[in-house]
Every structure is written in structure tokens, then in C-alpha cells.
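# Coordinate inspection notes
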Amino acid sequence: MSENSLYERLGGAPAVLAAAELFYRKVLGDPALTNYFDDVDMDAQVAKQAAFLTMVLGGPNAYSGKDLRSAHAGLPGIADAHFDAVIGHLESTLTDLGVDKESTGEVLTIAESVRGEVLNR
Amino acid sequence: MTSPSATELRPVRVTLAGRTYFLHPGTTVLDALNEAGADIPASCRSGACQTCVLQAVAGHPGPAATEGLKEPQVVAGYFLACQARPTADMAVATPAEARPVPAVLASTEPLGASVLRVRVRPLAPVAFRAGQHATLRRPDGVARTYSIANLPAEAEDGLEFHVRMRPGGRMSPWLAAAAPGSELRLYGPAGSCFYVPAYNDRPLLLVGTGTGIAPLAAVLRDAVESGHAGPVTIVHGARDAHGLYLDDRLRRLAEETSGVVYRSATMAADEDVADAAHRALEAFGASAARTAAYVCGGPATVHRLRRGLFMAGVSLRSIHVDPFERPPA
């Protein structure tokens, strides 16, 4: 973790927890995605979103993302369009938080790197 | 030698299930326990996923270890082992650890048409908070979990439970017929549906369906007695008017207590408990997003309400749920 990571600049753990709720609310509110979350434990899910955001924001993390593959395996019809939609909500969350374009681009690049894991390729 | 530096260098001791673990300065509880073979489950190790949660029985884990937990969890001593770097000795427990207390059935009486008020007297002191639940286990092993309906200050004669009568069920007909003095074992209390003073000036929304109103009526009274300053709305959802078995009491409590509103919603009158909850949230106005919500009752409704409240802007960390899961028949 660099001292100037976006994670630190946004305010560390408390800010990331708030951001995770914002992000999760956008994802749940998306008709194309919402059904995938019908049976999940919301507290566990928002904690996972926080772990994911901590990773992509450059926070202190040992989250390898390796459970992303198993967590998404077997979700019916999950495809690039769903991943793109989630990336869109992440971008919108960062915009809401006032993150500049350049930093947002860096975060989205890191997020993009897990596409293969999520889509089981 | 008792110089400060010597004290700092002494390893901190953490006990878990009768075993003592030594922590060197800067080491986390998670690492120290697991390096010594305790096998505490963990995932992200950055304080986000909450997989490694433990409960402090004595001592303090440090402020970073409770970041992100719900206030009642913090009050109950829960902390994240991966973020805990205690500076003094601690005793900890895994959340699943539970020791039963022997108890006897004290009394039963009908409360409306389909609810039985059951009093159970523990034979050893049982500490609980209004709104928590406990599991009653018969000598033959049949066990059911019920919410506690009374307050700790009212529990000299035992814990009170509101049990939905289910003809053909394995526990409720037995309770209705059992003689006072029948032996039981009491597990828990557990659960995080209880009031905390940190919510003092925030709006409170308590939504219960069926006998889910029992713990929430207790939470409401606990909040009022604790001097809660924010507005409070309690909503009871039921099949029909007969199901509103605390109607008189809640109506009276709302009339007598400024800032407390009682609403009911019955399916028979085509009223949706979620609509009633959302109207209550809207009435909180600008402070609605700071609402602390408690939701108890049937699992499907509880999950629908939680999702609705979250989407309406309430933080998940401030939504406390107790879904009444029905065991397989």
C-alpha cells in the first residue's frame, strides 16, 4: 500500500465501508443484476464489496480475489454484459465520491483484471 | 522490574477455550491464534469481510478491531481478530461457543387467540438484553429458538417468550400442555436485535411480523427507559386483526410516550407491512438515512423489508434483523 493510495485519500476503512453500501445499492437497483442477489446474505455481501473495493483502491489487503471464481461459478447466464454493468456502477460510485478521472481509470483497470475470474474463463 | 518498557515487551496473553496464546507486540490475535493451531476461519485479513469475528469475554481488542461492525455487536464484545492488536491480556470466545443453563417452565397463558405467553425460570443467572433470543431444549432433545419478550429488570420471575401456537407442531403444543416445573435447557441468549445508547438521537424503526413484535416491543420499552431522544415508530404486521395481539398495549404506550408512533398493517385489510415501514421512514424526513432499524419475523418478509430499507437509504450496519427460521417439520 502506498501512503498516497486512493484508499487512504478517500478516508480509509470507514469511507470504504460507506462506498461499499453506495456501490451495492447501485448494483441491487439494476434490473439486469438484481435477481442474482435474491438469496445472498446482505451483510456478508456488502462486506465482500468492501473487501473488493479495498483491493481496487489500493488499500491494505490480502484479498487475492481467488474466491471470485467460485462465488460467481454457476450463476445462470452471467456474461460480459453483467460484468460491464458492475464496472459501470463502480465508476458511478467513484464519481459520486468525487474521485478524479485519472484515478478512476486506474481503479477500473484493476477491477477489469478480475473479469476472467468472475466469468470463469 | 516494572519499568514501562519491560511491561511493553511482555507478550500479551489471549485465552480461548481454556488455552493460552502469546502475542508479541504488533501481532494480530488472528495470526497468533492460528500460528498456534487455533484454526480461526479468515478470508480478507484487512478488516472487511468479517469472517474472523470473535467475542471478547474480558479485555479490549483495540479500536481498529471493531471498525465496520454494527453497534450492538461492538457492545456485545465482537471484534475482528485480523485487526486486533491488544495491548493487555484478553479472554476471547468463538461466536458459536454456548453453554446451556438448566431451567424450568414457570407458567403459560394464552395471549390472544394463537399466541402463548411462556415464562421460563433459569436455575442460574442469565444475562440478556431486551430483544435477544434464546433456545429452549427439552430433555428429549427437541429445541426451538424464541425471542425474549421482557426486559432484564422484569426477569426475576424468568424470561418471557411469545410462542405462536402451531397445531401439530413439536414444541408449542407441548409447552401449552406441560406442567410448571418441567425441565428445560436454555441456550444463549444471543442475537444483535437490541437497543444501544449510541442510537440515542437517531430515528428508530421497529418492524415486526407475527410474534416478531415481541422482541421489538421489548426493544421499544428499553429505548424509552434509556431516554431515547429521537423519534420512534413501531410497526406490527399480521395476517388479520386477531394477529395484532399487542395492539392495546402498543397503542397505550404510543399515547403515553411522546415521540413514539405505533402503526399496524394486516393482510386481511390489504395493508402491506413494507408500505407502512416506508411511510414511517418518510415521516422521519431528512434524518431518515440515519435511522436505526430492527426487523423481526418470518424470513421472507424480514429479507424483503431489509432490502427495501437499505434501498431507501438506511445503512446495512444500522439494520438489525432476526429472521424467525422455521425448523424442518
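Residues numbered from 1 in each chain as written. Chains lettered and ligands numbered in written order. Predicted model: local features only at pLDDT ≥ 70, side-chain atom pairs only at ≥ 80, totals over all residues. Heavy atoms only, no water.

Time to look at the overall build of chain A. A tally of helices and strands in chain A yields seven helices and zero strands. Going from N to C terminus, chain A has its helices and strands arranged as α-α-α-α-α-α-α. Whereas a compact globule of 121 residues would reach a radius of gyration of roughly 14 Å, chain A reaches 14 Å, a difference of no more than 12%. Counting only C-alpha atoms and orienting by the principal axes, one finds that chain A spans roughly 40 × 25 × 25 Å. Across chain A, contacts joining residues at least 24 apart in sequence account for 73% of those joining residues at least 6 apart. Working note: accessible area of chain A is about 6,000 Å², and carbon and sulfur atoms make up 54% of it. Averaging the positions of the 9 positive and the 18 negative side-chain charges in chain A gives two centres separated by 3 Å. (Helix = DSSP H or I, 4+ residues; strand = E, 2+ residues; numbered from the N terminus. Rg over C-alpha atoms; globule rule 2.2 N^0.38 Å. Contact = heavy atoms within 4.5 Å. Areas by Shrake-Rupley, 256 points an atom, 1.4 Å probe, with all protein chains shown as cover. Lys, Arg positive; Asp, Glu negative; His and termini not counted. Charge placed at Lys NZ, Arg CZ, Asp CG, Glu CD.)

What follows covers the sheet that holds strand β2 (residues 19-23) of chain B. Residues and elements named next belong to chain B. With mixed pairing, the five strands of this open sheet are ordered in space as β2-β1-β5-β3-β4. For this open sheet the edge positions go to β2 and β4 (78-80), each flanked by a neighbour on one side alone. Taking each pair of neighbouring strands and ignoring which way they run, the sheet shows an average axis angle of 40 degrees. Across three bridges, the pairing between strand β3 (residues 53-58) and strand β5 (residues 90-93) is antiparallel. Its bridge partner lying in β5, A56 is registered against V92. (Pairing = 2+ DSSP bridges. Axes fitted to C-alpha atoms, helices over the stretch in contact; angles between N-to-C directions.)

Residues and elements named next belong to chain B. Under the counting rule described, the total for this entry stands at 20 salt bridges over all chains. Between D201 and R290 there is a salt bridge, with its nearest N and O atoms 3.5 Å apart. Separated by 89 residues along the polypeptide, D201 in the loop between β11 (183-190) and β12 (204-209) and R290 in the loop between α7 (273-283) and β15 (292-297) bring together distant segments of the chain. A residue is classified by how much of its surface remains accessible, and D201, at 47% relative accessible area, is partly exposed. Judged by its relative accessible area of 41%, R290 falls in the partly exposed class. (Salt bridge = Lys/Arg side-chain N within 4 Å of Asp/Glu carboxyl O. Buried < 20%, exposed > 50% of the residue type's maximum accessible area, 1.4 Å probe, protein only.)

Looking at chain A, the pLDDT average stands at 87 and 93% of residues meet or exceed 70. Within chain A, helix α4 (residues 67-72) of chain A has the poorest average pLDDT of any element, 83, and helix α5 (residues 80-96) of chain A the best, 95. (pLDDT = per-residue confidence, 0-100.)

Membership of the largest hydrophobic core comes to 57 residues, with the highest contact counts inside it found for L53(A), L57(A), L90(A) and L205(B). Among residues more than four places away in sequence, those in contact with L53(A) are V16(A), A19(A), A20(A), F23(A) and L90(A). Membership of the second largest hydrophobic core comes to 31 residues, among which are L204(B), A223(B), L244(B) and L253(B). (Core = buried A, V, L, I, M, F, W, Y, C linked by side-chain atoms within 4.5 Å.)

Now for the interface of chain B and chain A. If you look at the interface, chain B gives 17 residues, while chain A gives 22 residues. On the chain B side of the contact with chain A, R307(B), F310(B) and L316(B) bury the most area, a combined 34% of that side's loss. K70(B) is paired through a salt bridge with D43(A); the nearest N and O atoms lie 3.3 Å apart. Where chain B touches chain A, the interface holds 10 residue pairs in polar contact (both at pLDDT 80 or more). When the residues that make up the side of chain B that touches chain A are grouped by side-chain class, the tally is seven nonpolar, four polar and six charged. (Buried area = accessible area lost by both parts, 1.4 Å probe. Polar contact = N/O pair within 3.5 Å; in protein donor to acceptor, adjacent residues only side chain to side chain. Nonpolar A, V, L, I, M, F, W, Y, C, P; charged D, E, K, R; others polar.)

Residue and element names in this part refer to chain B. Overall, parallel pairing links the five strands, which are arranged β14-β13-β12-β15-β16 in an open sheet. Strands with a single pairing partner mark the edges of an open sheet, and in this sheet they are β14 (260-266) and β16 (319-323). Strand after strand, the sheet turns through a mean of 10 degrees between neighbouring axes, direction not considered. The sheet contact formed by strand β13 (residues 232-238) and β14 spans seven bridges and is parallel. Along β14, the bridge assignment pairs G237 with A265. On the sheet, helix α6 (residues 247-256) packs against β13 and β14 and is oriented at approximately 150 degrees with respect to β14. Here helix α8 (residues 299-311) sits on the sheet and contacts β12, β15 and β16; the angle it forms with β16, its principal contact strand, is near 170 degrees.

Further remarks concern the packing of aromatic side chains. This structure, assessed with the given rule, holds four aromatic pairs over all chains. A centroid spacing of 6.1 Å and a plane angle of 65 degrees characterise the contact between Y24(A) and F37(A), whose relative ring orientation is edge-to-face. Here F37(A) lies in the loop between α2 (12-28) and α3 (42-56) and Y24(A) lies in helix α2, a separation of 13 residues in the sequence. Summarising the burial analysis for this pair, Y24(A) and F37(A) share the class buried. When the ring of Y24(A) is compared with that of F310(B), the centres are 5.4 Å apart and the planes differ by 40 degrees; the resulting orientation is tilted. Placement of the pair is Y24(A) in helix α2 and F310(B) in helix α8, with the two residues belonging to separate chains. The pair Y24(A) / F310(B) is uniform in exposure class, with both members buried. Here the aromatic cluster, defined as three or more aromatic residues joined through ring pairs, consists of Y24(A), F37(A) and F310(B). Lying over the aromatic face of F310(B), R25(A) brings its terminal NZ or CZ to 4.3 Å of the ring centre. (Phe/Tyr/Trp six-rings, centres within 6.5 Å; stacked < 30°, edge-to-face > 60°. Lys NZ or Arg CZ within 6 Å of the ring centre and 35° of its normal.)

What follows deals with the environment of T135(B). Residue and element names in this part refer to chain B. Positionally, T135 belongs in strand β8 (residues 133-137). Residues T135 and Y187 lie 52 residues apart in sequence; the distance between their C-alpha atoms is 4.9 Å. In this structure, T135 is in contact with A143, R144, T145, R185, L186 and Y187, ignoring residues within four places of it in sequence. Looking at T135, its side chain comes within polar contact range of the side chain of T145, at 2.7 Å.

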